Amino acid sequence: MPIPSSSERHRQSLHEFVTEAPQSANSGKLSGTLASGNSLESTLEPGKLPKLTIVTPSYNQADFLERTILSVINQQYPNLEYFVIDGGSTDGTRAILEKYTDYLTGWVMEKDNGQTDAINKGFRRATGDYVAYQNSDDIFAPDALWRVAEAWQKAPETDVFYGDMYIINEQDVILEELRVPSFSAGCQIHEGMQIFNQSLFIRRSLLAETGWLDESLRFVMDYEIVTRLGVRSGVRFKQVPGFWGGFRIQPDAKSSQIATSVGLIEHKQVSERYEPQLNSQFSGNLWRRYSRMRKLLWFLVRGQFSYMYHRLTLRKFNG
């Protein structure tokens, strides 16, 4: 079933973007010195770009890691920290990291306690205004970091920025689009993940204050942190139109292996943990119905009719 056309430039250039050799790193670590040729740059206020820190947790994903790294480097975003935290891969990852050492703020290759531990190692090293993590088989879309900067210049008080996401295959072909409405903690708890980590940036100081990712979780650490912040009073979320990230479907991905086992169990645990903090009289069924209607109205008001039709047809097609 064809997906609705919304970003032909991304469709035509996504693979090129994540495989193209980067510009020279000028023999220096990635620390805000790379020249930028981005189309959004001229619209932003010079000298006032938020510092962004990205962490890539890695373990035996050499087939895709280089594309993840290039999707960050090729943003040509000048105020960037980028860490790769590897758990001791044995598949050629070291050669990739050595190849891009001059483009990285830092990388480590040592045994860890899993993906969440690796992400937190990177977050603790971070000095950026906002932090994000991109898994070693996923990617950022062109302009993603610049869209974050543009949104921040318009709303610097925001704590959590997030955008839309592509689903891609092993050849970087876009299979599906996932668009997101404004954030609702009730929908997050009762319907499921409203925000995707591939397109998510969180204020670092807020994470430092409220706690890093929950290392007891193997699969839904992103769901937990978004839910935790979502029920916290005063945390400001902002949905920004545009596709920032790509989630890759591939056989060795964790989502392909434990989503229907560990993932479901952890998801239930997290939703039950935070549901009492909603202080809502609505039942779970009512929240789920509201969530679906809310999404339809969100896209309807914005004239995204082809996307609405596609998603409704897809839901019917899948039973």
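Note that the structure is a prediction, hence the values are computed from the model and not measured.

Quick notes on the rules
Residues numbered from 1 in each chain as written. Predicted model: local features only at pLDDT ≥ 70, side-chain atom pairs only at ≥ 80, totals over all residues. Heavy atoms only, no water. Helix = DSSP H or I, 4+ residues; strand = E, 2+ residues; numbered from the N terminus. Buried < 20%, exposed > 50% of the residue type's maximum accessible area, 1.4 Å probe, protein only. Contact = heavy atoms within 4.5 Å. Areas by Shrake-Rupley, 256 points an atom, 1.4 Å probe, with all protein chains shown as cover. Expected span 1.5 Å × (residues − 1). Arc of directions from axis to C-beta. Phe/Tyr/Trp six-rings, centres within 6.5 Å; stacked < 30°, edge-to-face > 60°. Core = buried A, V, L, I, M, F, W, Y, C linked by side-chain atoms within 4.5 Å. Patch = residues over 30% accessible without salt bridge, like charges linked within 9 Å, V, L, I, M, F, W, Y side chains within 5 Å. Salt bridge = Lys/Arg side-chain N within 4 Å of Asp/Glu carboxyl O. Lys, Arg positive; Asp, Glu negative; His and termini not counted. Charge placed at Lys NZ, Arg CZ, Asp CG, Glu CD. Polar contact = N/O pair within 3.5 Å; in protein donor to acceptor, adjacent residues only side chain to side chain. Pairing = 2+ DSSP bridges.

Caption draft 1: Representation of the overall build of the protein chain within the structure. A tally of helices and strands in the protein chain yields eleven helices and nine strands. A burial count over the protein chain gives 55% of its 319 residues as buried. Of all intrachain contacts in the protein chain linking residues separated by at least 6 positions in sequence, the fraction that spans at least 24 positions is 81%. Accessible surface, the protein chain: about 14600 Å² in total, of which carbon and sulfur atoms supply 51%.

Caption draft 2: Summary view of helix α10 (residues 284-301). Its 18 residues give α10 an end-to-end C-alpha distance of 26 Å, which sits within 8% of 26 Å, the value for a rise of 1.5 Å per residue. Taken together, the buried positions of α10 are occupied by Gly284, Trp287, Ser291, Arg294, Trp298 and Phe299. The arc enclosing the buried residues of α10, seen along the axis, measures out at 115 degrees, which places them on a common side. Seen from the buried face of α10, the exposed residues on the opposite side, beyond 90 degrees, are Arg289 and Val301. Downstream of α10 by one or two residues, glycine 303 has phi in the positive range, about 70 degrees.

Caption draft 3: Here's a closer look at the packing of aromatic side chains. This structure, assessed with the given rule, holds eleven aromatic pairs. Ring centres of tyrosine 166 and phenylalanine 243 lie 4.4 Å apart, and the angle between their planes is 5 degrees; this geometry places the pair in the stacked category. Residue tyrosine 166 is located in strand β6 (residues 160-168), and its partner phenylalanine 243 is located in strand β9 (residues 237-248); the two are separated by 77 residues in the primary sequence. Exposure remark for phenylalanine 243: the relative accessible area of 8% places this residue in the buried category.

Caption draft 4: Geometry of the environment of tyrosine 290. Relative to the helices and strands, tyrosine 290 is located in helix α10. Along the primary structure tyrosine 290 and cysteine 187 are separated by 103 residues, whereas in three dimensions their C-alpha atoms are 7.9 Å apart.

Caption draft 5: Spotlight on unusual backbone geometry. The phi torsion at glutamine 76 lies on the positive side, around 55 degrees, for a residue other than glycine. Looking at where glutamine 76 falls in the secondary structure, it is placed in the loop between α2 (62-73) and β2 (80-86). Despite not being glycine, aspartate 172 shows a phi value in the positive range, around 70 degrees. Looking at the element boundaries, aspartate 172 is found in the loop between β6 and β7 (174-178).

Caption draft 6: Spatial organisation of the nonpolar core. Among the nonpolar cores identified, the biggest contains 41 residues, and Phe123, Tyr133, Leu200, Ile202, Leu213, Ile225 and Leu229 are the most heavily contacted of them. The dominant element in this core, judged by the number of residues it contributes, is helix α8 (residues 221-230), at five residues. Excluding residues that lie within four positions of it along the chain, isoleucine 202 makes contacts with Asp129, Tyr130, Val131, Asp159, Val160, Leu207, Ile225 and Leu229. Formed by 34 residues, the second largest nonpolar core is a distinct cluster that contains Ile73, Leu80, Ala149 and Trp244.

Caption draft 7: A look at a negative patch on the surface. Taken together, the side chains of Asp63, Asp91, Glu170 and Asp252 make up a negatively charged region of the molecular surface. Tracing the sequence through the fold places aspartate 91 in the loop between β2 and α3 (93-99). Looking at aspartate 91, the relative accessible area reads 31%, which means it is partly exposed.

Caption draft 8: Seen up close, the environment of tryptophan 146. When you line up the elements, tryptophan 146 lands in helix α5 (residues 144-154). Sequence-wise, tryptophan 146 and tryptophan 244 are 98 residues apart; in three dimensions their C-alpha atoms are separated by 9.7 Å. For tryptophan 146, the side chain forms a polar contact with the main-chain oxygen of glutamine 75, separated by 2.9 Å.

Caption draft 9: Representation of the pairing of β6 in the model. With nine of its nine residues buried, β6 lies for the most part within the structure. In sequence, β6 turns back onto β7 through a hairpin of five residues, with aspartate 172 there showing a positive phi of about 70 degrees.

Caption draft 10: A look at the pattern of salt bridges. Under the counting rule described, the total for this entry stands at 16 salt bridges. A salt bridge links aspartate 172 to arginine 248, with the nearest nitrogen and oxygen atoms 2.9 Å apart. With a gap of 76 residues between them, aspartate 172 in the loop between β6 and β7 and arginine 248 in strand β9 connect regions that are remote in the sequence. The buried category is assigned to arginine 248, whose relative accessible area is 0%. Close ionic contact of arginine 179 with glutamate 177 constitutes a salt bridge, the shortest N to O distance being 2.8 Å. Taken as a pair, arginine 179 and glutamate 177 share a single burial class, namely buried.

Caption draft 11: Representation of the pairing of β7 within the structure. Across the five residues that make up β7, a large majority, four, are buried. Inspection of the sheet shows β6 paired to β7 by four bridges, in the antiparallel sense. Its bridge partner being in β7, methionine 165 is matched across the sheet by leucine 178.

Caption draft 12: Region of interest: the side chain of threonine 116. Structurally, threonine 116 is set in helix α4 (residues 115-125). Accessibility expressed as a relative area gives 4% for threonine 116, which makes it buried.

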